[in-house]
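In case you want the letters, here they are:
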Amino acid sequence: MDAQDLRSKTPDQLKDQLVALKKEAFNLRFQQATGQLEGTARMRSVRRDVARVKTILNQKAAEAAASN
């Protein structure tokens, strides 16, 4: 996931993507706890994607507040 791609999305799309990423992170944690997780690197990338989406959302909120 690229930050440029995220910046072109609307806040609603970003929130939807954040929910999907959090669900995936939960499922990955569950798989790890039960010993079924194969690719542990995916957990790291999902966690970073969540942080990336949150950062872009906060930037968009700050821009909106500054423009008002």
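Criteria and cut-off values
Residues numbered from 1 in each chain as written. Predicted model: local features only at pLDDT ≥ 70, side-chain atom pairs only at ≥ 80, totals over all residues. Heavy atoms only, no water. UniProt positions renumbered as here; feature names shortened; annotations may be inferred. pLDDT = per-residue confidence, 0-100. Helix = DSSP H or I, 4+ residues; strand = E, 2+ residues; numbered from the N terminus. Salt bridge = Lys/Arg side-chain N within 4 Å of Asp/Glu carboxyl O. Buried < 20%, exposed > 50% of the residue type's maximum accessible area, 1.4 Å probe, protein only.

Under an unreviewed UniProt entry, the protein has the name Large ribosomal subunit protein uL29 and belongs to Paracoccus caeni. What UniProt states about the protein under its Sequence similarities (unreviewed entry) heading is, verbatim, "Belongs to the universal ribosomal protein uL29 family."

Within the protein, residue pLDDT values average 95, and 100% of them lie at 70 or more. Mean pLDDT in the protein bottoms out at helix 1 (residues 3–7), which sits at 92, and peaks at helix 2 (residues 11–34), which reaches 97.

As a further point, take the pattern of salt bridges. In total, this model carries 2 salt bridges according to the counting rule given. Arginine 42 is the partner of glutamate 24 in a salt bridge, and the nearest nitrogen-oxygen pair spans 2.8 Å. Taken together, the positions of glutamate 24 in helix 2 and arginine 42 in helix 3 (residues 41–67) put the pair 18 residues apart, joining distant regions of the chain. With a relative accessible area of 25%, glutamate 24 lands in the partly exposed category. The salt bridge involving aspartate 49 is made with arginine 52; its shortest N-O contact spans 2.7 Å. Of the two residues, aspartate 49 and arginine 52 are both situated in helix 3; the distance of 3 residues between them amounts to about one turn of the helix. For arginine 52, a relative accessible area of 30% corresponds to the partly exposed category.

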